[in-house]
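A closer look at the structure
One letter stands for each residue in the lines below.
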Amino acid sequence: MTRAATYLDHNASSPLRPEAREAVLAALDLVGNPSSVHAHGRALRNLVETGRRQVAELAGAEPKQVVFTGSATEAITQAILGGARAFSAGAVALSAGEHAAVGKAAEATGLPVWTISLDGEGRIDLDQLTVTLQKAEEQGLTLLVALHWVNNETGVIQPIERINALVGPTRHTLFIDAVQAFGKRPLEFATSAPDMMAVSGHKIGAPAGIGALLVKSHADTVRLIPGGGQEQGRRGGTESATLIAAFGAAAAANDYDAETLSALVQRVEAGLRKLAPDVVIFGQGANRIGNVTNFAVPGVGNATAMMALDLMGLSVSSGSACSSGKVGASHVLAAMGVPRDLANCALRVSFGWNSTMADADAFLAGFETLLSRQKRAGKAA
Ligand code: PLP
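Just so it is clear, the structure is predicted and the values come from calculations on it, not from any experiment.

Definitions and cut-offs
- Residues numbered from 1 in each chain as written.
- Predicted model: local features only at pLDDT ≥ 70, side-chain atom pairs only at ≥ 80, totals over all residues.
- Heavy atoms only, no water.
- Near = heavy atom within 4 Å.
- Polar contact = N/O pair within 3.5 Å; in protein donor to acceptor, adjacent residues only side chain to side chain.
- Areas by Shrake-Rupley, 256 points an atom, 1.4 Å probe, with all protein chains shown as cover.
- Helix = DSSP H or I, 4+ residues; strand = E, 2+ residues; numbered from the N terminus.
- Nonpolar A, V, L, I, M, F, W, Y, C, P; charged D, E, K, R; others polar.
- Salt bridge = Lys/Arg side-chain N within 4 Å of Asp/Glu carboxyl O.
- Buried < 20%, exposed > 50% of the residue type's maximum accessible area, 1.4 Å probe, protein only.
- Arc of directions from axis to C-beta.
- Contact = heavy atoms within 4.5 Å.
- Pairing = 2+ DSSP bridges.
- Axes fitted to C-alpha atoms, helices over the stretch in contact; angles between N-to-C directions.
- Core = buried A, V, L, I, M, F, W, Y, C linked by side-chain atoms within 4.5 Å.
- Phe/Tyr/Trp six-rings, centres within 6.5 Å; stacked < 30°, edge-to-face > 60°.

This part covers the site of the ligand. As a structural note, the neighbourhood of the ligand is formed by Ser71, Ala72, Thr73, Ile76, His99, Asn152, Asp177, Val179, Gln180, Ser200, His202 and Lys203. At 2.7 Å from an oxygen atom of the ligand is found a side-chain nitrogen or oxygen belonging to Ser200. The protein chains hide 88% of the 390 Å² of surface that the ligand would expose on its own. No other element matches helix α3 (residues 72-86), which puts 3 residues into the shell around the ligand. For the shell around the ligand, the per-class residue count stands at 3 nonpolar, 7 polar and 2 charged.

Our focus in this paragraph is the pattern of salt bridges. Scanning the entire structure with this criterion turns up 13 salt bridges. In this structure, Asp9 and Arg348 form a salt bridge, with 3.1 Å as the shortest nitrogen-oxygen distance. With Asp9 in the loop between β1 (6-7) and α1 (18-28) and Arg348 in strand β13 (residues 346-350), this residue pair connects regions lying 339 residues apart in the sequence. Assigned by exposure class, Asp9 and Arg348 land together as buried. Shared partners join several salt bridges into a network, and the residues in it are Arg45, Glu49, Arg52, Glu231 and Glu239.

For helix α9 (residues 302-311), every residue scored as buried is listed here: Asn302, Ala305, Met306, Ala308 and Leu309. Seen along its axis, α9 keeps its buried residues to an arc of 165 degrees; they face one direction. Along α9, the residues that are exposed and aim more than 90 degrees away from the buried face are Met307 and Leu311. Of the residues flanking the end of α9, it is Gly313, one or two places downstream, whose phi is positive at about 85 degrees.

With that out of the way, let us pick up unusual backbone geometry. Even without glycine at this site, Ser88 takes up a positive phi of about 45 degrees. Positionally, Ser88 belongs in the loop between α3 and β3 (91-95). Looking at Ser88, the relative accessible area reads 57%, which means it is exposed. In this structure, Glu231 is a non-glycine residue whose phi angle is positive, near 50 degrees. For Glu231, the location among the structural elements is in the loop between β8 (211-215) and α7 (241-253).

A few words now on helix α4 (residues 100-108). Restricting attention to buried positions, one finds in α4 the residues Ala101, Val102, Ala105 and Ala106. Seen end-on, α4 carries its buried residues on one side only, within an arc spanning 130 degrees. For α4, the exposed residues lying more than 90 degrees away from the buried face are Lys104 and Glu107. On its buried side, α4 packs onto α3, β3, β4 (113-116), β5 (143-148) and β6 (173-177). Where α4 terminates, the next one or two residues include Gly110, which has phi positive at roughly 80 degrees.

Glancing now at the sheet that holds strand β12 (residues 317-318). Strand order in the open sheet formed by 4 strands is β9-β10-β13-β12, and the pairing between neighbours is antiparallel. Two strands lie at the open edges of the sheet, namely β9 (280-281) and β12, each paired on one side alone. In terms of strand pairing, β9 meets strand β10 (residues 292-296) through 2 bridges, oriented antiparallel. When the bridges of β10 are listed, Ile281 appears paired with Phe295. Relative to β10, helix α8 (residues 258-275) is tilted by about 15 degrees, and along the sheet it contacts β9 and β10.

Right, let's get into the nonpolar core. In terms of nonpolar packing, the biggest core is built from 63 residues, with Trp149, Leu187 and Phe247 touching the most fellow members. Setting aside anything within four residues of it in sequence, one finds Leu187 in contact with Ala59, Trp149, Ala178, Ala181, Phe182, Ser192, Met197, Val199 and Leu214. One finds Leu261, Val268, Val297 and Leu314 within the second-largest nonpolar core, a separate group that totals 27 residues.

Scanning all chains against the criterion turns up 5 aromatic pairs. Centre to centre, the rings of Phe182 and Phe247 are 6.2 Å apart; their planes meet at 85 degrees, and the pair counts as edge-to-face. Taken together, the residues span a long stretch of sequence, with Phe182 in the loop between β6 and β7 (196-200) and Phe247 in helix α7 at a distance of 65 residues. We note that Phe182, like Phe247, is buried. With centroids separated by 5.5 Å and ring planes inclined at 25 degrees, the aromatic side chains of Phe363 and Phe367 adopt a geometry described as stacked. Of the two residues, Phe363 and Phe367 are both situated in helix α12 (residues 357-376); the distance of 4 residues between them amounts to about one turn of the helix. By relative accessible area, Phe363 is classed as buried at 0%. Overall, the relative accessible area of 1% leaves Phe367 in the buried class.

Printed below as a string of structure tokens:
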């Protein structure tokens, strides 16, 4: 497959950072198991612990609070399945805008799942969160509350301080899916309310296949894979020193430039408004992270638009892409009350560490071509 000329899908996976690539290559030359006490093993242990310190630093966590996993999905599953067990939860509370990793793990607990709505701009309904906490009190249940910080589809930033203030002082467990916030917002894990958070390597320029669960010491009993006692018994299985070194290198190199990236998004959104005055930008009334825009032009279906843009060398995503690679209906947009017809036109453009204004302009040029072709074919609304 030829490499797409313009990559506009950083929220799905960010390109490998050169620092992470170098770390991978260097680690591949080492031999052994990080748990071995001999010199070979100690060299690998050194990579693992350096990576732990680097990831911890970017997350505002203590190194001992970082448990490496094979993905954020695994970290989320550990937090929810393991957390429900460790804290004898009677129900899981989540929002309607969670990533499938959260929804599926909640389902897998077999416990009642209490869903908190999103408003029309994609924000978690905090009044409903308050009611949910009251309901748990009335029923004498301990809740596992699992909420995201930044939405992967819309970029909407959830009111994390208020969530922390509502759930933090209670006896309930708070897990935050911080995958799309990591490297973009200061997580301050050690000094903030959440008991656990999940982060992912490939969203910040490490290869896929490495993530971490951040855990406070009182949540150290939250387990999923018992195995051979690695990660202080919190996640069994020989650590991948190679991927951990890359994760650490990507974290250390992180230089998220909010100003530049939001200028790219603003350029795209302004260009879209000019090209298609009826464009709808999802979550535009909310506080958004600034590297992503999710929009729909009525009548321009996302499945065909993505294919046409792909042929022009532009890699974008629909609001959601299921693992089969097909375009699926977005549960996030549905939860925001977006009509199905419009949601089927949703496209997501997301920028990251190597994005430039030329990428934004290439997208706009491609989209203009797409619209004029559709107009010619009489398909545009
Ligand atoms: N949570 C959010 C918000 C995400 O965006 C993603 C990735 O798309 C995940 C969880 C899953 O991360 P991973 O691919 O590391 O399993």
